[in-house]
Every structure is written in C-alpha cells, then in structure tokens.
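One letter stands for each residue in the lines below.
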Amino acid sequence: MSEPTSYYRAAKTWFDIGALRIGSWEISLRRHAWEDHRLKEFYDRAATSWTRKTQRLGLDDAYGTLTAAVSTQTIDHPMKVLDIGIGTGVLSSALLRTLGRDIDLTGVDISPSMLEVAEDRLSSKCAALRLLQSDACDLPFADNSFDLIVCGHVVEHLCEPSDALREMLRVLRPGGQLLICITRNTIAGAAIQLMWRTQRASPKTAAGWLATSGFERIEIIELPKHTATSRLSCGYSAFKLR
Ligand SMILES: C[S@@+](CC[C@H](N)C(=O)[O-])C[C@H]1O[C@@H](n2cnc3c(N)ncnc32)[C@H](O)[C@@H]1O
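Only a predicted model underlies this, so the values are computations on that prediction, with no experimental measurement involved. (Residues numbered from 1 in each chain as written. Predicted model: local features only at pLDDT ≥ 70, side-chain atom pairs only at ≥ 80, totals over all residues.)

What to know about the overall build of the protein
In terms of helices and strands, the protein carries nine helices and nine strands. What you see for the protein is a C-alpha radius of gyration of 18 Å, in line with the 18 Å of a compact globule of 242 residues. Its C-alpha atoms put the protein at 65 × 40 × 35 Å along the principal axes. Looking at the 242 residues of the protein, the share that counts as buried comes to 36%. (Helix = DSSP H or I, 4+ residues; strand = E, 2+ residues; numbered from the N terminus. Rg over C-alpha atoms; globule rule 2.2 N^0.38 Å. Buried ≥ 20, exposed ≤ 12 C-beta atoms within 10 Å, placed from the backbone.)

Printed below as a string of structure tokens:
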C-alpha cells in the first residue's frame with residue numbers, strides 16, 4: 001500500500017524525489033548532470049559575462065561573509081590557498097579583501113576561458129598565482145599541500161560531491177580549513193538546478209557530505225539576507241584536524 005502522504009512529500013521535496021510509490025507502481029526521477037565536455041563548453045561561453053552575473057546576485061558580499069570565517073591562525077609563510085572551480089576569481093577576490101594581505105594562490109577549473117579571466121583579475125593582487133585546468137575530483141597536488149581551500153558553487157555539479165570533498169581533504173594540511181558555498185534546497189536553488197542540472201542540498205545534507213568525507217568542526221554560515229545569494233546558497237566552514 002502507498003502511504004497517504006506520498007504526494008505531499010513529493011510536492012514538498014520537489015526535485016529531490018527519489019521514488020514516488022502509488023499502490024504497486026513506483027515512479028522514480030534521477031538527475032542527469034551535464035557531461036564534463038558540455039559543462040566545460042557552457043562555462044567557456046559564460047566566462048566573459050560571469051563576473052557581471054555574480055554581481056547581480058550579490059556574490060561579492062556573500063563571499064565576503066563566507067571568507068570572514070577564515071581562521072586567523074598565524075602562519076609563517078604566505079598562506080597557501082587553493083580555489084577549486086575558481087571561475088573568474090570572485091571568491092578569491094573576496095578572500096584577498098578579507099585577509100588584506102598577500103596569499104600564495106592556486107586556482108583550478110575545467111574551463112580555460114574562466115581561467116583566462118581569473119588570470120587578468122588576480123595576477124597583480126597575489127604574492128604568487130598559479131592557474132591550472134584540472135578536475136576537482138583528480139587534483140594534481142601532493143597530500144597536505146594547502147593551508148586553506150575555498151570552493152564556490154562547484155561540488156553541486158558533480159554526481160558524487162564526496163569524490164571532490166575527499167580530494168580536498170587529501171590536499172589540505174592537517175589543521176587546514178575549507179570554506180565552501182553550496183546551492184541550497186530552496187525554490188531559488190531549484191531554478192538553478194533546472195538551468196544548470198546541478199544538485200542542491202539542505203544545510204543538514206551538505207554538512208553530512210562534509211562529515212562523511214572526513215571533515216570536522218563543521219559550521220554552517222548563513223549568507224547576508226540582502227543578497228540574492230542567501231536564497232540560493234549556504235556557506236560552510238570545516239577543518240581537517242588530523
Ligand atoms: C558556478 S561556477 C562558480 C565559479 C566561482 N567559484 C564563483 O563562485 O564565481 C562553477 C565553476 O566550476 C567549474 N567546474 C565545474 N565542474 C568542475 C570540476 N569537475 N572541476 C573543476 N572545476 C569545475 C566551472 O567551470 C565553473 O567555473
């Protein structure tokens with residue numbers, strides 16, 4: 001027998017439906033992410049207008065709040081930072097504003113056009129800048145290489161966000177911090193999900209992804225209410241303790 005609340009639950013969770021049972025029938029929905037080469041093409045095309053789009057969403061302010069959660073521990077070298085899915089460098093720019101000091105920045109992205117814009121934007125602002133075309137799930141770095149990893153709206157593109165999160169844990173040094181922003185399970189988040197074939201996660205689910213990937217001291221960072229980004233996304237801080 002189907003449960004009487006099935007329809008209600010299905011409507012409530014909208015695109016997060018796994019399977020809907022009606023009597024002896026089961027209707028299931030699965031998300032199909034874009035293939036890697038198509039996603040790369042989309043972002044290559046979006047590169048020149050990306051920064052303007054993010055300004056309309058208030059991403060500068062939202063990332064300002066996220067990066068304000070950076071741990072101010074003393075490090076005796078320029079902080080080694082990795083920005084995963086750096087895009088045009090919006091999140092790294094916010095970090096530079098927050099820290100007010102030089103960082104040794106490495107950025108990776110699958111889109112060469114996004115990386116070109118990031119290079120123009122960031123090259124004069126960092127102590128060192130290295131930009132590489134690379135996949136978040138297969139990072140070309142040794143274990144324990146970075147003091148801080150930042151990642152804005154990237155893992156929701158992946159079938160298995162934990163694949164990228166475990167890679168992040170590997171390249172982060174013990175004591176290092178991750179600041180990450182992920183699309184949330186709101187109606188605005190559903191619009192993004194439809195447009196970009198991404199997934200969205202409640203803060204509880206996203207914090208669960210971080211925990212099962214091995215991160216600890218996980219904190220949810222609500223983004224400023226005056227930004228459209230607050231309705232789309234949520235921020236998280238997490239640490240690699242061992
Ligand atoms: C929504 S944009 C965010 C860009 C930037 N982090 C920001 O917040 O403005 C997602 C970025 O992640 C990149 N990306 C998507 N999948 C990726 C993957 N598997 N590995 C690395 N980068 C990826 C895209 O090319 C794009 O630049």
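Alright, that's what it looks like, and here's the rest.
Considering the packing of helix 2 (residues 36-56) against helix 5 (residues 112-122)
Running from N to C, helix 2 and helix 5 point in directions that differ by 25°, and their axes come no closer than 7 Å. Relative to helix 5, helix 2 is oriented roughly parallel. Facing Y43, D44, A47 and W50 of helix 2, the residues of helix 5 in contact are P112, S113, M114 and V117. Grouping the amino acids of the contact of helix 2 with helix 5 by side-chain chemistry returns six nonpolar, one polar and one charged. (Axes fitted to C-alpha atoms, helices over the stretch in contact; angles between N-to-C directions. Parallel < 35°, antiparallel > 145°, perpendicular 65-115°, else oblique. Contact = placed C-beta atoms within 7 Å. Nonpolar A, V, L, I, M, F, W, Y, C, P; charged D, E, K, R; others polar.)

Quick notes on the sheet that holds strand 8 (residues 216-221)
The mixed open sheet is built from seven strands, whose spatial order is 5-4-3-6-7-9-8. Both outer strands of the open sheet, strand 5 (128-133) and strand 8, are each paired with one neighbouring strand and no more. For this sheet the average axis-to-axis angle between neighbouring strands, irrespective of direction, equals 15°. Both strand 3 (residues 79-84) and strand 4 (residues 103-109) contribute to a ladder of six bridges, which runs parallel. Its bridge partner lying in strand 4, I84 is registered against V108. Across the sheet, helix 4 (residues 90-99) lies against strand 3, strand 4 and strand 6 (146-152), angled at about 130° from strand 6, the strand it touches most. (Pairing = 2+ DSSP bridges.)

Section: the site of the ligand
The full set close to the ligand counts 19 residues, and Y43, G85, G87, A136 and G152 are the nearest of them. Counting residues per element, the ones that place at least two in the shell around the ligand are helix 2, helix 4 and strand 4. For the shell around the ligand, the leading source of residues is helix 2, giving three residues. Among the residues forming the shell around the ligand, the class breakdown is ten nonpolar, seven polar and two charged. (Near = placed C-beta within 6 Å.)

Some details on the packing of helix 6 (residues 161-171) against helix 8 (residues 203-212)
One can describe the packing of helix 6 onto helix 8 by two numbers: an axis separation of 9 Å at closest approach and a directional angle of 50°. When the axis of helix 6 is compared with that of helix 8, the two are oblique. Of the two elements, helix 6 crosses helix 8, and the hand of that crossing is right-handed. Along its contact with helix 6, which presents P161, S162 and L165, the element helix 8 presents W209, L210 and T212. Partitioning the contact of helix 6 with helix 8 into residue classes produces four nonpolar, two polar and no charged. (Left-handed = near helix turned anticlockwise from the far one by under 90°.)

Regarding the domain arrangement of the protein
With domains assigned, the protein is organised as domain 1 (1-30) and domain 2 (36-239). For domain 1 versus domain 2, the distance between C-alpha centres works out to 33 Å. (Domains from an automatic or database assignment.)

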